Amino acid sequence: MKRFLRRLVEADTTAGKGELAAAEIISAELSQSGIDSTIDSWDSNRANLIARIKSAGHRRPLLFACHLDVVEPGHEGWESPPFEAVEREGRIYGRGSADMKGGIAAIVTAVRQLVDSGVKLAGDIILVAAAGEETDSCGAKRFIRDFGGKLPKLAGVILPEPTEFEVVTAHRGMLWLRVTTKGKAAHGSTPQLGINAIGSMKTVLAELENYKIDVEPHKLLGGCSMSINTISGGREINVVPDECSIGIDIRTLPGQNHQDIIDDFEKIFARLKGERQEFKAAVSVVREVAALQTDNNCDFVRDFCSVVGAGGTRAVGFTTDGPHFAPLGAPVVIFGPGESDVCHKPNEYIVFADVEKAVEYYKNIILKFLT
Ligand SMILES: [Zn+2]
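Residues numbered from 1 in each chain as written. Predicted model: local features only at pLDDT ≥ 70, side-chain atom pairs only at ≥ 80, totals over all residues. Heavy atoms only, no water.

## Let's talk about the pairing of strand 8 (residues 167–171)
Successive side chains on a regular strand alternate, one facing one side of the sheet and the next facing the other. Keep this limit in mind: Accessible area is worked out with a 1.4 Å probe on protein chains only. A residue is then buried under 20% of its type maximum, exposed over 50%, and partly exposed in between. The way it works is that DSSP assigns letters per residue, a run of H or I at least four long becomes a helix, a run of E at least two long becomes a strand, and they are numbered from the N terminus. By this definition, two strands are paired if DSSP reports at least two bridges between them.
Burial of strand 8 is extensive: five of the five residues sit out of reach of the surface. Looking at chain direction, strand 8 and strand 14 (residues 313–316) are connected through four bridges and run parallel. Within strand 14, the position partnered with Val167 by the bridge is Thr313. With two bridges joining them, strand 8 and strand 13 (residues 292–293) adopt antiparallel strand pairing. Its bridge partner being in strand 13, His171 is matched across the sheet by Leu292.

## A word on the sheet that holds strand 16 (residues 349–351)
What counts is decided by this rule: Where helices are involved, their axes are fitted lines through C-alpha atoms of the stretch in contact, as for all axes, and angles between N-to-C directions lie from 0 to 180°. Contact between two residues is taken to exist if any of their heavy atoms lie within 4.5 Å; hydrogens are not considered.
With respect to topology, three strands assemble into an open sheet ordered 4-5-16, the strand pairing being antiparallel. Strands with a single pairing partner mark the edges of an open sheet, and in this sheet they are strand 4 (86–88) and strand 16. For this sheet, the mean inter-axis angle between neighbouring strands, taken without regard to orientation, is 25 degrees. The pairing of strand 4 with strand 5 (residues 91–93) spans three bridges and is antiparallel. Residue pairing in the sheet places Glu87 in a bridge with Ile92 of strand 5. Across the sheet, helix 3 (residues 97–117) is in contact with strand 5 and strand 16; its angle to strand 16 comes to roughly 45 degrees. Most of the contacts of helix 9 (residues 352–370) go to strand 16, to which it runs at about 60 degrees, and overall it touches strand 5 and strand 16.

## Notes on the packing of helix 1 (residues 2–10) against helix 2 (residues 20–31)
Going by this rule: We call two directions roughly parallel when the angle between them is under 35 degrees, roughly antiparallel when it is over 145, roughly perpendicular when it lies between 65 and 115, and oblique otherwise. Helix crossings are classified by the rotation of the near helix relative to the far one: an anticlockwise turn of less than a right angle makes the crossing left-handed, while a clockwise turn makes it right-handed. Residues are sorted three ways: Asp, Glu, Lys and Arg are charged, Ala, Val, Leu, Ile, Met, Phe, Trp, Tyr, Cys and Pro are nonpolar, and all the rest, Gly among them, are polar.
At a minimum axis separation of 9 Å, helix 1 and helix 2 run at an interaxial angle of 165 degrees. Relative to helix 2, helix 1 is oriented roughly antiparallel. Relative to helix 2, helix 1 is oriented so that their crossing is right-handed. From helix 1, Phe4, Arg7 and Leu8 reach across to helix 2, where they touch Ala22, Ile25, Ile26 and Glu29. For the contact of helix 1 with helix 2, the residue count by class is five nonpolar, no polar and two charged.

## Structural notes on the pattern of salt bridges
Counted only if it meets this: Note on definitions: salt bridges are taken to be side-chain nitrogens of Lys or Arg within 4 Å of carboxyl oxygens of Asp or Glu.
For the structure shown, the criterion picks out 20 salt bridges. Residue Arg112 pairs with Glu29 through a salt bridge whose shortest N-O separation is 2.8 Å. Linking Arg112 in helix 3 with Glu29 in helix 2, this pair joins segments that are 83 residues apart in sequence. Across this residue pair, the class does not change: Arg112 and Glu29 are buried.

## Here's the deal with helix 3
Taken across its 21 residues, helix 3 has 17 buried, putting it largely inside the fold. Looking one or two residues beyond helix 3, the residue adopting positive phi is Gly118, at roughly 80 degrees.

Fair warning: the whole summary comes from geometry, so function is off the table for now.
Structure below.
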């Protein structure tokens, strides 16, 4: 398994590189146990891997949903090259080792070991390793679009993301907005002939300073948050800018309607336009992911906690593809090896013994629900 994990980490699956190489590594690994898989590929290097281990039984299948892509490593701070999967003191270092190639190695190995053992399962295992979770969830959306309607009712969906073996059933959603103000360019020496888009943005920023998203805090997830994290505008120091834009990162709670926030923004802009005719601003969605909230008291979550020996469930700060699988109507749980603290940073690593432990957990989970 270590060789398999290292090969997965060495396959650079950042946004520009695509996921095809990693999908092929997994497909080859599965085939060593005689497990067929399908690589659904598009745009020359994008790929989802899908495998279904058929059983003769009638229990509801388990779906394991992974993602193949990783975030950019950045240039600073790495002690060993991010795509070399160097092993030091029991840890495998590299971009994606924790998020989430360690989890992929563990679930693929668990499935292989069960198939190799000849155990008779009473329900199917469905394994999906999707593209683009870190950018636009294109892989998960594509899988649900093409196969979601054909799937039988599932027992549950498990995301082998790094949770340090805690059972995670909730996370906030994400709404990334871009607000652009438009003006009219003029020579910098005659600003009265133009409309300064940065000036209009100053008005927007002042309004947003006082804007509160109207939602009650969640008992596990806390409040909804909003942070303006990028700004750009203007071209030359002697030209009145005709455009300025900001990027806003909003983290939302379960049940919250993203459109309500967009409507609020549009109302604010309409009011500002009423006060000053030349004011022009528009809001657009850069990316959105729904929040996740699985019922902690359902049988699946309770049984899941008892198999893995967890006293309860918890919420996390990061988002996942989980909400894309929620429409399948089965409980969604996030559970896997690795620390979320090391993800998306230099010197990301996973403790190899934790990957081995994860194999045992996943086998026990499969045996619990499918035998
Ligand atoms: Zn992840």
